[in-house]
Amino acid sequence: QTIEEFKQSKQPVPKQIRLCQEHDRRLNLYCFTCQMSICSDGIITDHKGHDYKLLKDEVGKHQIKLRTAADEVSKIQTTLEEGIKTIKKEELAVTSEAIKQEGLIETHFEELCDALRARKIALKKEVAAMRAKKNKILEEQRKVLEDAVATMVRGSGLARSTADLGDNL
């Protein structure tokens, strides 16, 4: 059977039987002294007097520890995923609130600009009215002064004429 045929068959991967390199027997013990897997012949020869146990018992203990650790990691993962969801919701809320606030700023800014434009128009009207009022007063004063000057010119002309009459006497 080729690798492709095996993949397509979707059969579980067969467990590989590990053999002792020295005795060519199945590894079925774990030597704690040497920290390695050994075969049953090894306890008689190379690992005599060492601390060892059945490999399947030790594997079972480690499997339990690994499953417990995997469960803890899954719990942490779930908590982190919930945290990510919460953060994403907060990001959306922040973006939404920012857009809302920007709209309010734009509205208030336009209202302020409209108020300033209206005030500008009102002030220009006040200035125009004050200018017209002052120009009217100044025009009246100018006319009074022009009349006074005209009267003086006539009076000085009469005074000269009268003085000239005295020359003829």
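Each remark here, short or long, concerns the structure printed above.
Attention shifts here to the overall build of the chain. A count of helices and strands for the chain gives two helices and three strands. When burial is assessed residue by residue, the chain has 7% of its 169 residues classed as buried. A separation threshold of at least 6 residues defines the contact pool for the chain, and within that pool the share at least 24 residues apart is 14%. Accessible area for the chain stands at about 15,100 Å²; split by element, carbon and sulfur atoms hold 60% of it.

So, on to unusual backbone geometry. Of note in the backbone geometry, Asp24 takes a positive phi value of approximately 55° without being a glycine. Examined against the element boundaries, Asp24 turns out to sit in the loop between helix 1 (3–9) and strand 1 (29–31). For Asp24, a relative accessible area of 57% gives the class exposed. Although it is not a glycine, Gln35 sits at a positive phi angle of roughly 55°. Mapped onto the elements of the fold, Gln35 is located in the loop between strand 1 and strand 2 (36–38). Among the residues examined, Gln35 registers a relative accessible area of 63% and is labelled exposed.

Okay, the packing of aromatic side chains next. Both the distance between ring centres and the angle between the ring planes are used here to describe each pair of aromatic rings. Inspection of every chain in the model, using the stated rule, returns one aromatic pair. Each ring, one from Tyr30 and one from Phe32, has its centre 5.2 Å from the other, and the planes form 80°; the classification is edge-to-face. The exposure class of Phe32 is partly exposed, given its relative accessible area of 30%.

Read across the sheet, three strands follow the order 2-1-3 without closing on themselves; strand pairing throughout is antiparallel. Of all strands in the sheet, those bounded by a partner on one side alone are strand 2 and strand 3 (52–54). Shown here is a sheet whose adjacent strand axes are inclined to one another by a mean of 30°, direction ignored. Pairing analysis gives three bridges linking strand 1 to strand 2, with the strands arranged antiparallel. Paired with Tyr30 across the two strands is Ser37, which belongs to strand 2.

In this section: the side chain of Glu58. The topology assignment puts Glu58 in helix 2 (residues 55–167). Relative accessible area serves as the criterion here: at 7%, Glu58 is assigned to the buried category. If we ignore the near neighbours within four places in the chain, the residues touching Glu58 are Tyr30, Phe32 and Lys53.

Quick look at the pattern of salt bridges now. This model, assessed by the stated rule, comprises seven salt bridges. Notably, a salt bridge pairs Asp114 with Arg117, separated by 2.8 Å at the nearest N-O pair. Separated by three residues within a single helix, Asp114 and Arg117 lie in helix 2, roughly one turn from each other. Between Glu126 and Arg119 there is a salt bridge, with the nearest N and O atoms lying 3.8 Å from each other.

Thresholds applied
- Residues numbered from 1 in each chain as written.
- Predicted model: local features only at pLDDT ≥ 70, side-chain atom pairs only at ≥ 80, totals over all residues.
- Heavy atoms only, no water.
- Helix = DSSP H or I, 4+ residues; strand = E, 2+ residues; numbered from the N terminus.
- Buried < 20%, exposed > 50% of the residue type's maximum accessible area, 1.4 Å probe, protein only.
- Contact = heavy atoms within 4.5 Å.
- Areas by Shrake-Rupley, 256 points an atom, 1.4 Å probe, with all protein chains shown as cover.
- Phe/Tyr/Trp six-rings, centres within 6.5 Å; stacked < 30°, edge-to-face > 60°.
- Pairing = 2+ DSSP bridges.
- Axes fitted to C-alpha atoms, helices over the stretch in contact; angles between N-to-C directions.
- Salt bridge = Lys/Arg side-chain N within 4 Å of Asp/Glu carboxyl O.

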